[in-house]
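Examination of the molecular architecture
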Amino acid sequence: MARITHERWKVFENVFDQFTIKDIIKLTKQQHFDNLVSPISIGKEANIFSAIHREQSIYRIVKIYRLEACNFNKMYDYIKHDPRYFNIKKQRRQVIFSWVQREVRNLMKARKAGCRVPMPITLQHHIIVMKLIGNEKTGAAAQRLKQASPKDPQAFFDDLVKQLSLLYKKAKLVHGDLSEYNILNYKEKPVIIDMSQSSPVDASNAEELLDRDIRNMVKYFGKHGVKTSAKELKQKITGKKERKK
Ligand SMILES: Nc1ncnc2c1ncn2[C@@H]1O[C@H](COP(=O)(O)OP(=O)(O)OP(=O)(O)O)[C@@H](O)[C@H]1O
Ligand SMILES: [Mg+2]
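The shown structure was predicted, so the numbers you read here are calculated from the model rather than taken from an experiment. (Residues numbered from 1 in each chain as written. Chains lettered and ligands numbered in written order. Predicted model: local features only at pLDDT ≥ 70, side-chain atom pairs only at ≥ 80, totals over all residues. Heavy atoms only, no water.)

Mapped onto the fold, N205 is located in the loop between strand 12 (199–200) and helix 5 (206–223). In this structure N205 comes out as buried when scored by relative accessible area, which is 7%. When residues no more than four places from it in sequence are discounted, the contact partners of N205 are Y78, H81 and S199. (Helix = DSSP H or I, 4+ residues; strand = E, 2+ residues; numbered from the N terminus. Buried < 20%, exposed > 50% of the residue type's maximum accessible area, 1.4 Å probe, protein only. Contact = heavy atoms within 4.5 Å.)

Let us look at the nonpolar core. Counting 49 residues, the largest nonpolar core has M75, I96, L167 and F221 as its most contacted members. Sorting the residues of this core by element identifies helix 2 (72–79), helix 3 (92–112), helix 4 (153–169), strand 9 (173–174), helix 5 and helix 6 (230–238) as the ones contributing at least two each. When residues no more than four places from it in sequence are discounted, the contact partners of L167 are A110, C115, K172, L173, V174, H175 and M195. Counting 14 residues, the second largest nonpolar core, distinct from the first, contains F12, I24, A51 and I64. (Core = buried A, V, L, I, M, F, W, Y, C linked by side-chain atoms within 4.5 Å.)

Another point: the site of ligand 1. The full set close to ligand 1 counts 22 residues, and E45, K63, K131, I133 and D194 are the nearest of them. One nitrogen or oxygen atom from the main chain of K131 is found 3.0 Å from a nitrogen atom belonging to ligand 1. One of the side-chain N or O atoms of S196 is found 3.4 Å from an oxygen atom in ligand 1. Going through the elements one at a time, strand 1 (35–42), strand 2 (46–53), strand 3 (58–65) and strand 5 (127–131) are the ones with two or more residues in the shell around ligand 1. The biggest single contributor to the shell around ligand 1 is strand 3, with three residues. Looking at the shell around ligand 1 residue by residue, the class counts come to 13 nonpolar, four polar and five charged. (Near = heavy atom within 4 Å. Polar contact = N/O pair within 3.5 Å; in protein donor to acceptor, adjacent residues only side chain to side chain. Nonpolar A, V, L, I, M, F, W, Y, C, P; charged D, E, K, R; others polar.)

Printed below as a string of structure tokens:
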């Protein structure tokens, strides 16, 4: 693969592989952003950066999956249950690119259903460009629920239940990785992020994922004084009464 000669990108040589740098350059040529600005989160699977779009004077979010370091076996174990990806082969790059594509499709579906999630702008292999939740003009990202507890937990929870119910009933998705790390507190309203594990409600593992999400929410909001139970929350999200076992 040709080496990157462009001076401006030399600084990234120690951070990203050549394949990633080429993709970043491609995205800048397509004018999705001009430059990466600062790391927002360095995760196990992906790194998140803010990026400046000079012409529009706004910041965007660029999520870059780690091609070599991410656990594609785990990704495969999740995605293979998704009817949209039944034919997927257990091959590192194919799994990662499908994983990223699925995340974007999930975000689009959720938005279409009226859910408050970041708007995806584009994707390129293992990179997603999306709208920044927070102050787009300064690049200050909204904090996660983990760091920014809601001032009115009950109101925040009620809004979240609405979002999850739209996600289930209209988008026909379960989130699959819901926690105080994947919900942002934006002006005291929940914005759900990180939909890489989200699966259609008819996937074979959907109920298991939903039950885990519900347990996490009951635990978090219980600690913040909201009275609810897993059974009640599930009923609110799905609109279904639990069958007697
Ligand atoms: N659109 C966004 N606007 C503002 N902040 C964001 C946005 N997307 C992500 N972030 C920030 O980056 C952090 C990590 O993002 P995300 O949860 O999508 O990835 P991750 O957990 O590292 O990756 P994954 O779980 O998919 O491996 C979030 O917790 C949040 O603080
Ligand atoms: Mg996350």
